Amino acid sequence: YKRQVTAIVLVFVLEYFVLPDIASARKSVRLLGQVNVLYLLLAVALEILALLAYAELSRTVLSPRAPSRSRLLRINMATLAVSHVLPGGTAPGTALSYRLLTESDVPGSTAAFGLATQGVGSAVVLNAIFWSALVVSIPLHGFNPMYGIAAAAGVFLIGAFAGTILLLTRGKSRAVGWIHTVAKRLPFLSQDSIEGLLQRLADRLEELLSDRSLLRRAVVWALANWLLDAASLWVFLVAFGKTVLPIDLLVAYGLANILAVIPITPGGLGVVEGVLIPTLVGFHTPKAVAILGVISY
């Protein structure tokens, strides 16, 4: 049933959002002959730097038990590859990443904490970028209902994140007791192992929050990852002849990536294109340029 729903939604997104844009792009194929190859190479280089920044973020949140940089980069690339071909959002990729990290001698609790912190913390930074861009953009262009949806999703995410932090730091004993009670009622679950895992996660979180230098590095690398990735998209658009205002691009970029978190299609396929292209067009980007730039990106 779940697979059928996913397939129906994927077909709907492709039929009504992606394929019409691709069909329109065929009419503007002449732009391919005018593309600036040097800008294309720069865009690819920026994307490589974004991936390296994400690997450094992984290394920071897994410190001091992190594998080597090259190993982490390969784990992240494998994770991204799986997440972009299987439905279920980031869940399949996260499962693979956890397995590869534990096979690299990273303790299970450290791997689980690192993956959760990396994913949620990175999303919080993305929301901060999006909201900052909105503050500047709304007075210039007005309000779009899609902004409200993305902002509400961000508020929910950050609220859940803050609640989890409070639960694991200020209310650790209460959380352990609650988990112990739940585990007692469920079959095949060891109360002691669940309680021990929660305790180790809480200790790891307290360690991260107390190390301001480590926390700052994590925020900086998450910020670098998003901004370099957005810069890559910006340069792809420039390669096809359109220079978009950075604020406008960050609004479109943040909106698309926040909505892509909804686990409908693999890696947000169709969602990112279906949001990015019309939003960029709304910011006075020629449709042909928006389509070719986003598809290239």
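Residues numbered from 1 in each chain as written. Predicted model: local features only at pLDDT ≥ 70, side-chain atom pairs only at ≥ 80, totals over all residues. Heavy atoms only, no water.

## Observations concerning unusual backbone geometry
Residue P64 is bonded to the preceding S63 through a cis peptide linkage, with omega at 5°. With respect to the helices, strands and loops of the structure, P64 is situated in the loop between α2 (37-62) and α3 (69-83). Located in the positive-phi region is D105, a residue other than glycine, with phi close to 70°. Among the structural elements, D105 can be located in the loop between α4 (91-103) and α5 (108-141). Backbone geometry at H284 places phi at a positive 70°, although glycine is not the residue there. (Helix = DSSP H or I, 4+ residues; strand = E, 2+ residues; numbered from the N terminus.)

## Overview of the packing of α2 against α3
Running from amino to carboxyl end, α2 crosses α3 at an angle of 110°, the nearest separation of the two axes being 9 Å. Comparing the axis directions of α2 and α3 gives the class roughly perpendicular. Between α2 and α3 lies a crossing whose hand is right-handed. Within the contact between the two elements, α2 uses L51, L52, Y54, A55, E56, S58, R59 and L62 and α3 uses R69, L72, L73, N76, M77 and L80. Grouping the constituent residues of the contact of α2 with α3 by class yields 9 nonpolar, 2 polar and 3 charged. (Axes fitted to C-alpha atoms, helices over the stretch in contact; angles between N-to-C directions. Parallel < 35°, antiparallel > 145°, perpendicular 65-115°, else oblique. Left-handed = near helix turned anticlockwise from the far one by under 90°. Contact = heavy atoms within 4.5 Å. Nonpolar A, V, L, I, M, F, W, Y, C, P; charged D, E, K, R; others polar.)

## Focus: a nonpolar patch on the surface
On the surface, a nonpolar cluster with roughly 330 Å² of combined accessible area is contributed by V44, I48, L49 and L52. Relative to the helices and strands, I48 is located in helix α2. (Patch = residues over 30% accessible without salt bridge, like charges linked within 9 Å, V, L, I, M, F, W, Y side chains within 5 Å. Areas by Shrake-Rupley, 256 points an atom, 1.4 Å probe, with all protein chains shown as cover. Salt bridge = Lys/Arg side-chain N within 4 Å of Asp/Glu carboxyl O.)

## Section: the pattern of salt bridges
Summed over the entire model, instances satisfying the criterion amount to 2 salt bridges. Notably, a salt bridge pairs R69 with E56, separated by 2.5 Å at the nearest N-O pair. Highlighted residues: R69 in helix α3 and E56 in helix α2, separated in sequence by 13 residues. With its nearest N and O atoms 3.3 Å apart, the salt bridge here joins E103 to R99. Here E103 and its partner R99 are both found in helix α4, 4 residues apart, which amounts to about one turn of the helix.

## Quick notes on the environment of V289
By secondary structure assignment, the location of V289 is in helix α12 (residues 287-296). Along the chain, V289 and F236 lie 53 residues apart, while their C-alpha atoms are 9.3 Å from each other.

## Remarks on the packing of aromatic side chains
Enumeration according to the criterion identifies 1 aromatic pair in this entry. When the ring of W226 is compared with that of Y253, the centres are 6.2 Å apart and the planes differ by 75°; the resulting orientation is edge-to-face. You can see W226 sitting in helix α9 (residues 212-239) and its partner Y253 sitting in helix α10 (residues 246-259), a full 27 residues away along the chain. Of the two residues, W226 and Y253, neither departs from the other in class, the shared state being buried. (Phe/Tyr/Trp six-rings, centres within 6.5 Å; stacked < 30°, edge-to-face > 60°. Buried < 20%, exposed > 50% of the residue type's maximum accessible area, 1.4 Å probe, protein only.)

## Brief notes about the environment of R59
Looking at the element boundaries, R59 is found in helix α2. Residue classification places R59 among the partly exposed positions, given a relative accessible area of 27%. Separated by 59 residues in sequence, R59 and Q118 have C-alpha atoms that sit 9.8 Å apart. Excluding its chain neighbours within four sequence positions, the residues that come into contact with R59 are A66, P67, S68, R69 and L72. A distance of 3.0 Å separates a polar side-chain atom of R59 from the backbone oxygen of P67. (Polar contact = N/O pair within 3.5 Å; in protein donor to acceptor, adjacent residues only side chain to side chain.)

## Considerations on the nonpolar core
Membership of the largest hydrophobic core comes to 48 residues, with the highest contact counts inside it found for L101, L233, L237, L276 and L280. Breaking this core down by element, the ones donating at least two residues are α2, α3, α4, α5, α9, α10, α11 (271-282) and α12. Here this core takes 9 residues from α10, the largest share from any one element. With near-sequence residues (within four places) excluded, L237 lies in contact with K242, V244, L249, L280, V289, A290 and G293. (Core = buried A, V, L, I, M, F, W, Y, C linked by side-chain atoms within 4.5 Å.)

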